[in-house]
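Architecture and fold: a report
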Amino acid sequence: MEYKVSIFSDNILKGQDKFDYDLFNQICLDYLVDITEFKISPFDLDKITLQGDKNLIVFCENRHLDNLIIKNIRNLGSKKAIIGEQVVVFDKAGVKTIFVPLEEDLHLLQKVFTKDENKKYCQFHIFGLSKEQVKNSLENLKSRITGFSYKFIYDNLLCDIVMSYDGQSSLIDDNMVMIASEFKQYLYSENDMGLSEIVIRVLKLQNKTLAIIENVTQGEIAESLLKFQGQSVLKKVSFEDFETKTNEQLCEKAEVFKKESQSDVAVVMSGQEVEGGLNFTFALAVNGEIHIYKNSFKADKTSCIKMAKNSLLFHLAKKLREKNISF
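The text that follows walks through the structure, step by step, so that each part is easy to find. (Residues numbered from 1 in each chain as written. Predicted model: local features only at pLDDT ≥ 70, side-chain atom pairs only at ≥ 80, totals over all residues. Heavy atoms only, no water.)

Looking at the packing of aromatic side chains
Two aromatic rings, taken as a pair, are described by how far apart their centres are and by the angle between their planes. As a reminder, the rule being used: Each aromatic pair joins two rings of Phe, Tyr and Trp (for Trp, the six-membered one) with centres within 6.5 Å, and gets the label stacked for planes under 30 degrees apart, edge-to-face for over 60, and tilted for any other angle. Under the DSSP-based scheme used, a helix requires at least four consecutive residues in state H or I and a strand at least two consecutive residues in state E, with every element numbered from the N terminus. Exposure classes here rest on a 1.4 Å probe applied to the protein chains alone. A residue is buried below 20% of its type maximum, exposed above 50%, and partly exposed in between.
Summed over all chains, the structure comprises 17 aromatic pairs. Both rings, one in phenylalanine 19 and one in phenylalanine 59, keep their centres 5.0 Å apart while their planes meet at 70°; by these two values the pair is edge-to-face. Of the two residues, phenylalanine 19 is situated in the loop between helix H1 (10-14) and helix H2 (21-30) and phenylalanine 59 in strand S3 (residues 56-60); the sequence distance between them amounts to 40 residues. For the pair phenylalanine 19 and phenylalanine 59, one class covers both residues: buried. Relative to phenylalanine 99, the ring of phenylalanine 90 has its centre 5.9 Å away and its plane inclined at 85°; by these criteria the two rings are edge-to-face. By relative accessible area, which is 0% here, phenylalanine 99 ends up buried.

See below:
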C-alpha cells in the first residue's frame, strides 16, 4: 500500500526534536508500505488542508492533534478508529488518513498497518550485491512467482528485503526455495538478526572468544558487537596502527595476536585510503587456519568504513557458522 507522509512540527524543523526515520522505514519495510512523498512543514493550522483523496500519515505534536482533525473533518470521512488510545485512523471509501502524535512510540503503527492473510511473507538479509543487482533479482522473481511483491532497504552493501506472494504462511514451498536460490551465498539471515548479533550468538554457542585489532573501521565493529552483550566473548579489542606489505605479514600478525590475546578467534585488519575509496584487507584466524579477505570500496570515507565493517562481520559470521547452521 502507498502512503504520503506529512510531519507538521516547528521543533522537528529546528532540530529541537528528532524523528526516528530508521524505525519508521523499518516498520514500513515489514508491512510493505511504500512512501511516495515525505514532507516536513511548520505547524500552521490556518494553512494546513488535508484533502483525503490519497492515503496519508500525519505526524504532529499531541497538543495540536484535535484541532487539526476538527478543521479537516469534512475531508476525512465518517469511518473512524482509535488505535492504542493515541493513533486516529479515518477511512473514506478505502482511502486512509492516519494521525499519529509525535510523542508516541512509532511501534503503534504495527497495529495500524495490516498484512494480507492470503499472502506468505518472508524476509531475507543479504550482503555484497549492488542495489541494481538486488532490484534485478527481485524483478526476476516477480515475473516467476504469482502475486509477488517486495520492498527493500539498502545500506552500504547490506540489504534488508521483505517479500510477499500468494500462499499459506505456515508452509515451506517451492517459491521460498526459488527466492533463496536467487540470492545464494549472499544470504546471511531470514529473521530479525543482524550480522553483529549472529557473530555474538555463534561465539557463545561455540563457547569461543574473539580478539580484534581494529584500526581502519575506527571502533565501529567493537561498538556493534557490544550492543549485543559482546563483552562476554570479546577477549581483547586493540586499536593499533601498523603497516603490512604482504599477505604473509598480515597472517603472521594475526597468528601472533591470537596467541598473545589467548583467544579462540582473532581478526586483524589493514587498509589504505586511495583516491575515491579504500583498499581493505583483513585476516581471520580460526580453527587453526588463517583466511585473508581483500576488498576495494569506491565511496566517501564514512561509507567505506561502514562497508569495511559490514564485510568483515559478514565473512566472520559465515566462517563461524560453517559447522553450526542453527543461526
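What to know about the state of the cysteines
Condition: Here, two cysteine sulfur atoms that lie within 2.5 Å of each other are counted as a disulfide.
Here the structure, examined in full by the defined rule, presents 0 disulfides. Take cysteine 159: it sits in no disulfide, and the sulfur closest to it among the cysteines is that of cysteine 122, at 13 Å. Here cysteine 304 is not cross-linked by a disulfide; its sulfur's nearest cysteine counterpart is in cysteine 159, at 19 Å. In this structure cysteine 304 comes out as buried when scored by relative accessible area, which is 3%.

Quick look at the nonpolar core
We apply this condition: Residues belong to a common nonpolar core when they are buried Ala, Val, Leu, Ile, Met, Phe, Trp, Tyr or Cys residues joined through side-chain atoms within 4.5 Å. Any pair of residues with heavy atoms lying within 4.5 Å of one another is described as a contacting pair.
Among the nonpolar cores identified, the biggest contains 37 residues, and Leu210, Leu225 and Phe280 are the most heavily contacted of them. Residue assignment for this core shows that the elements contributing at least two residues are helix H6 (195-206), strand S11 (210-213), helix H7 (220-226), strand S13 (265-274), strand S14 (277-286), strand S15 (289-298) and helix H9 (301-320). Among the elements that line this core, the one with the most residues is H9, at 9 residues. Sequence-distant contacts of leucine 225, that is, excluding residues within four places in its chain, are made with Ser196, Val199, Ile200, Leu210, Ile212, Gly230, Leu234 and Leu313. Counting residues in hydrophobic clusters, the runner-up holds 23 residues, among them Tyr3, Phe24, Val87 and Phe113.

Some details on helix H8 (residues 247-261)
For clarity, the threshold we go by: A helix is expected to reach a length of 1.5 Å times the quantity of its residues less one. Taking the helix axis as origin, the arc is that swept by the directions to the C-beta atoms.
Spanning 15 residues, H8 covers 21 Å between terminal C-alpha atoms, matching the ideal 21 Å at 1.5 Å per step. Turning to H8, its buried residues are Leu250, Cys251, Ala254, Phe257 and Ser261. With its buried residues spanning 130° around the axis, H8 presents them on a single face. Opposite the buried face of H8, at more than 90 degrees from it, the exposed residues are Glu248, Glu252, Lys259 and Glu260. Buried positions along H8 lie against S11, strand S12 (234-238), S13, S14 and S15. Count one or two residues on from H8 and you reach glutamine 262, which has phi positive near 55°.

Examining the environment of valine 286
Mapped onto the fold, valine 286 is located in strand S14. Taking C-alpha positions, valine 286 is 36 Å from aspartate 173, a pair spaced 113 residues apart along the chain. Residue contacts for valine 286: discarding those within four places in its chain leaves Lys208, Asp264, Val265, His291, Lys319 and Leu320.

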